[in-house]
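Descriptive analysis of the structure
So the chains spell out like this:
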Amino acid sequence: MQETRLDTARIRTARRVIDPVFLDTPLYRCEALEAGLGCTVSIKLETANPVRSFKARGTEVVASLLADNGSRAAVCASAGNLGQALAWSGRGRGIDVTVVASRFATATKLDRIRALGARLELVDGDHEMARERAAAIAQYDGIRLVEDSLDIETCEGAATIGLELMDSKPQFDAVLIALGGGALATGVGHVVKAMAPETEVICVQPLGAPAMTHSWRQRRVVTTDSTDTIADGVAGRRPIPDVLDDLLVVADDAVLVQEASIIAGMRMLLQHAGLVVEPSAALGVAAILEDCDRFAGRHVVTIVCGSNVDVDAYHRWVGAAPMPGPDTADVTG
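Note that this is a predicted model, so its numbers are computed, not measured.

So, the environment of Ser 307
Within the secondary structure, Ser 307 is located in the loop between strand S10 (299-304) and helix H14 (311-318). Remark: the alpha-carbon pair of Ser 307 and Leu 275, spanning 32 residues in sequence, is separated by 8.5 Å. Ignoring sequence-local partners within four residues, the contact set of Ser 307 consists of Thr 47, Arg 52, Val 276, Val 277 and Glu 278.

Right under this line is the structure:
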């Protein structure tokens, strides 16, 4: 395999500094999903932890290094999940955390950031504006700017998920990974391709937030002027060049899915797996729904990456239409 910024030895070392509460998350075959999806489906459940997303694996590594270096403050931009994770990791190590987010971010996520003791600053724009403001705060205050996906610790923390997948007994034909900034995709993808190169790494992004997928397909950074998706956790407009370079090495494919498929995926995970998930976590199921023939007869693992969702919005989405089944019309129309 070509080189990425990631290092497998460092990833193994990362496991030793990550709080065990975030490690060895449930991995199981979910037979109840299989009739509707037409393939063998395993779930890697990254919501069973105090911040209900995979992000703390990376922030644990970041915060550990900051504490070792005597740093006492950090700032990040977040759509919600990274902010919660950094607040949690910083609180346990005496690090003052500032999180910059869009005031249009999911209220539940913002409330949880505050509850975890972080200072929260809201901007009147999207995540890219929050990134700019966080960088300005870091420069003005002289503190560490934590940049998700660009900071290698966030990728290598997420990559420990890949170690757990590869250490399991089942051999997977494909791994479906939500694609946003790229930390999860490049981290897990690096480990999978290093240890099981025959396994297909498929990244999934909403059609309404396609910048990284377009960039992967064109092998150059492609930006978009806006995003339009309920999957706020992956709604970026400006891919990071270094992250794209890594993604080009480890991803076998990057696909875009429609909003209707994301909602259908959320509904399937609730009704057949008993899981309340945020839209980003249903991207893998959405990809199978849109291309069942591609996955027929294969063993697929999907990473359920977060469950921080606004309750009212969630009820609107999952209660909006009947549950699709094998005899229903194609959800993609």
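There is more to say after this.
Notes on the sheet that holds strand S3 (residues 73-77)
Spatially, S5-S4-S3-S6 is the arrangement adopted by the four strands of the open sheet, whose pairing is parallel. A single partner strand is all that each edge strand has here, and the edge strands are strand S5 (119-123) and strand S6 (144-146). Adjacent strand axes in the sheet meet at a mean angle of 25 degrees, parallel and antiparallel pairs treated alike. By the bridge criterion, three bridges tie S3 to S6 in an arrangement that is parallel. Paired with Val 75 across the two strands is Leu 145, which belongs to S6. Relative to S5, helix H5 (residues 107-115) is tilted by about 150 degrees, and along the sheet it contacts strand S4 (96-102) and S5.

Quick look at the pairing of strand S2 (residues 40-45)
Buried residues dominate S2, accounting for five of its six residues. Inspection of the sheet shows strand S1 (residues 27-29) paired to S2 by three bridges, in the antiparallel sense. Pairing of Arg 29 across the sheet is with Ser 42, part of S2. Here S2 runs beside S10; their pairing, made up of six bridges, is parallel. Looking at S10, one finds that Thr 40 is bridged to His 299.

Digging into the packing of helix H11 (residues 259-273) against helix H12 (residues 283-290)
Their axes nearest at 8 Å, the elements H11 and H12 cross at an angle of 110 degrees. Regarding the angle of H11 to H12, the classification is roughly perpendicular. Crossing handedness for the pair H11 and H12: right-handed. Counting all contacts with H11, which are made through Ser 261, Ile 262, Ala 264, Gly 265, Met 268 and Leu 269, the residues of H12 involved are Leu 283, Val 285, Ala 286, Leu 289 and Glu 290. Counted by class, the contact of H11 with H12 contains eight nonpolar, two polar and one charged residues.

Observations concerning the nonpolar core
Grouped together as the largest cluster of nonpolar side chains are 76 residues, with contacts concentrated most on Leu 37, Leu 184 and Val 188. With eight residues, the single largest contributor to this core is helix H7 (residues 152-167). In contact with Leu 37, other than residues within four places in its own chain, are Met 268, Val 285, Ile 288, Leu 289 and Cys 292. If you look at the next biggest cluster of nonpolar residues, it comprises 28 residues, including Ile 95, Val 97, Ala 105 and Val 146.

Scoring rules and cut-offs
- Sequence order as written defines residue numbering, which begins from 1 separately in each chain.
- Only residues with pLDDT of at least 70 get local features here, since the model is predicted, and only at 80 or more are side-chain atom pairs given and counted; chain-wide, interface and lining totals rely on the full set of residues.
- Hydrogens are left out, water is left out, and the side-chain values use all remaining heavy atoms of the structure.
- A run of DSSP states H or I qualifies as a helix once it reaches four residues; a run of E qualifies as a strand once it reaches two. Both are numbered from the N-terminal end.
- Every residue pair with non-hydrogen atoms within 4.5 Å of one another is taken to be in contact.
- At least two bridges found by DSSP between two strands is the condition for calling them paired.
- In this analysis an axis means a line fitted to C-alpha atoms, helices contributing only their contacting stretch, and an angle means the value between N-to-C directions, from 0 to 180 degrees.
- Only protein chains enter the accessibility calculation, which uses a 1.4 Å probe. A residue is then buried if its area is under 20% of the maximum for its type, exposed if over 50%, and partly exposed in between.
- Working definition: roughly parallel below 35 degrees, roughly antiparallel above 145 degrees, roughly perpendicular at 65 to 115 degrees, and oblique for all remaining angles.
- By convention the crossing between two helices is left-handed if the near helix lies anticlockwise of the far one by an angle smaller than a right angle, and right-handed if it lies clockwise.
- For this classification, the nonpolar set comprises Ala, Val, Leu, Ile, Met, Phe, Trp, Tyr, Cys and Pro, the charged set comprises Asp, Glu, Lys and Arg, and every other residue, Gly included, is treated as polar.
- Joining through side-chain atoms within 4.5 Å is the link that ties buried Ala, Val, Leu, Ile, Met, Phe, Trp, Tyr and Cys residues into a set, and such a set is a nonpolar core.

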